[in-house]
Structures are given as C-alpha cells and as structure tokens.
Amino acid sequence: FILILIYSTLPAGKVYGQFESKIYEFQDEIYNTRIFVNPLEPFTNEIRFEVELYDKNDNLIQDATVKIRSSKINGNETGWAYALNNPSTKHIYSTILSLPPNGSWNLSVEIMSSLGEKTYPVNEITIEKETRSALGGWIFFGAHFLILGGGLILWRQSRRIRNK
C-alpha cells in the first residue's frame, strides 16, 4: 500500500517531444482544406484533429466522411478515427485520436464526399513516453491520508467516550 502511494507521486517522462499545435492547408482540384492538429496537454497521448472543409470555390461541404488514419513507423500497428461535424459548425469535422506511447506515427486525413476522394498527409508525430500526473498522485496520497487520519480520530474519540 505504501509503495503504491510513493510510486503514484513520482513524476515520469515527457508527453510530446517537440510536438506543438500545427495547421496544414491544402488546395487542389477538389477541396480547400485546413487541418488543425493540437495535442491535449493534460493527457498523455491524445491529439485533437479539426478539419475545415470547403470545395475549390470555397463553398461549405457538409456531407463528407472524414477519417484520420495512423500507422506506426517501424511497426505494424495501424488505426483510424472518424471526424464528425455538428449542426452548429457543419464545415468543421473534429475528433480526438489516442495513440499508444513510445513511438513515431505517420498520420493522414482521408476525405470522401460526392466531389471525390482525397488523402492529405500530416507530418510524423512522435510520442516519447507515457506519463503519470504528479498532482494526481499527491491528491491520491492526500485522500488516503485524510481517510486513515479521520478513521484514527473517530476510533480514539470513541475509546474516550467508552472509558468515561
């Protein structure tokens, strides 16, 4: 029990090596696309993708299927996540992609609509190491300390009342 408390308060590792928020813009014969890639800082391996989608004449595209694809470099792991739009922002498709730690990933955005199909590459992303939150560990430790301390105080007070 004590080892768990001590281990949970130790900080470990970095979340993202040199990875910062990036914006990619693509213009071609079918789409005008802007892709926002943002790491979610408090979490270890989650990345938010937002894809703004227009046709080549800058008209909104609301009926597209947008898929974020990932493949691990030097590995055989692959994955994908659908990016969805909502009624208030029909031209913005968003999703959160969770990638396993300790690896480099090639990412791409695949768009399919009545206008056609297109895939856009996103730079390689490296996630160095999974981390634990030191703050979370201290909160865990403090909660257990308060529970055990409160139990001890109640036990001592009940003994005093019984002995009177």
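Basis of the calculations
- Residues numbered from 1 in each chain as written.
- Predicted model: local features only at pLDDT ≥ 70, side-chain atom pairs only at ≥ 80, totals over all residues.
- Heavy atoms only, no water.
- Helix = DSSP H or I, 4+ residues; strand = E, 2+ residues; numbered from the N terminus.
- Buried < 20%, exposed > 50% of the residue type's maximum accessible area, 1.4 Å probe, protein only.
- Contact = heavy atoms within 4.5 Å.
- Areas by Shrake-Rupley, 256 points an atom, 1.4 Å probe, with all protein chains shown as cover.
- pLDDT = per-residue confidence, 0-100.
- Pairing = 2+ DSSP bridges.
- Axes fitted to C-alpha atoms, helices over the stretch in contact; angles between N-to-C directions.
- Patch = residues over 30% accessible without salt bridge, like charges linked within 9 Å, V, L, I, M, F, W, Y side chains within 5 Å.
- Salt bridge = Lys/Arg side-chain N within 4 Å of Asp/Glu carboxyl O.
- Phe/Tyr/Trp six-rings, centres within 6.5 Å; stacked < 30°, edge-to-face > 60°.
- Lys NZ or Arg CZ within 6 Å of the ring centre and 35° of its normal.

### Remarks on the overall build of the protein chain
Link 1 in the chain: Counting its regular elements, the protein chain contains two helices and eight strands.
Link 2 in the chain: Along the protein chain, from the amino end to the carboxyl end, the secondary structure elements read α-β-β-β-β-β-β-β-β-α.
Link 3 in the chain: Counting every position in the protein chain, which comprises 164 residues, the buried fraction comes to 34%.
Link 4 in the chain: Contacts spanning at least 24 positions in sequence make up 59% of the contacts within the protein chain whose residues lie at least 6 apart.
Link 5 in the chain: Taken as a whole, the protein chain presents about 10,700 Å² of accessible surface, with 55% of it coming from carbon and sulfur.

### Structural notes on the confidence of the model for the protein chain
Link 1 in the chain: Across the protein chain, pLDDT averages 81, with 82% of residues at or above 70.
Link 2 in the chain: A low-confidence stretch, residues 4-18 stays under pLDDT 50, and its non-local contacts, those more than four residues away or across chains, total 40 contacts.

### Thoughts on the sheet that holds strand β3 (residues 46-55)
Link 1 in the chain: Pairing in this open sheet of eight strands is antiparallel, and the strands run β1-β2-β3-β6-β5-β4-β7-β8 from one edge to the other. Pairing within the sheet leaves two strands with one partner each, and these edge strands are β1 (22-27) and β8 (116-127). Between one strand axis and the next, the sheet turns by 20 degrees as a mean value, whatever way the strands run.
Link 2 in the chain: For strand β4 (residues 65-72) and strand β7 (residues 103-113), the ladder comprises eight bridges, and the chain directions are antiparallel. Paired with lysine 67 across the two strands is glutamate 110, which belongs to β7.

### Topic: the pairing of β4
Link 1 in the chain: Inspection of the sheet shows β4 paired to strand β5 (residues 78-86) by six bridges, in the antiparallel sense. Across the sheet, residue lysine 67 finds its bridge partner in β5, namely tyrosine 82.

### So, a nonpolar patch on the surface
Link 1 in the chain: Judged by side-chain polarity, Trp138, Phe141, Phe145 and Leu146 come together as a nonpolar surface patch covering roughly 490 Å² of accessible area.
Link 2 in the chain: On the secondary structure map, phenylalanine 141 appears in helix α2 (residues 134-163).
Link 3 in the chain: Judged by relative accessible area, which is 32%, phenylalanine 141 ranks as partly exposed.

### Remarks on the packing of aromatic side chains
Link 1 in the chain: Tallied over the full model, the rule gives two aromatic pairs.
Link 2 in the chain: Here phenylalanine 26 and tyrosine 120 contribute two aromatic rings whose centre-to-centre distance is 4.7 Å and whose plane-to-plane angle is 25 degrees, an arrangement assigned as stacked. Placement of phenylalanine 26 in strand β1 and of tyrosine 120 in strand β8 is noted, with a sequence separation of 94 residues between them. Accessibility classification places phenylalanine 26 together with tyrosine 120 in one group, the buried group.
Link 3 in the chain: Ring centres of tryptophan 80 and tyrosine 82 lie 5.0 Å apart, and the angle between their planes is 75 degrees; this geometry places the pair in the edge-to-face category.
Link 4 in the chain: The class for tyrosine 82 is partly exposed, based on a relative accessible area of 40%.
Link 5 in the chain: In this structure, lysine 67 is placed above the aromatic ring of tryptophan 80, and the distance from its NZ or CZ to the ring centre is 5.0 Å.

### Notes on the environment of glutamate 77
Link 1 in the chain: Position of glutamate 77 among the secondary structure elements: in the loop between β4 and β5.
Link 2 in the chain: The partly exposed category is assigned to glutamate 77, whose relative accessible area is 34%.
Link 3 in the chain: Sequence-wise, glutamate 77 and tryptophan 105 are 28 residues apart; in three dimensions their C-alpha atoms are separated by 9.3 Å.
Link 4 in the chain: Setting aside anything within four residues of it in sequence, one finds glutamate 77 in contact with Ser70, Ser71, Lys72, Pro100 and Trp105.

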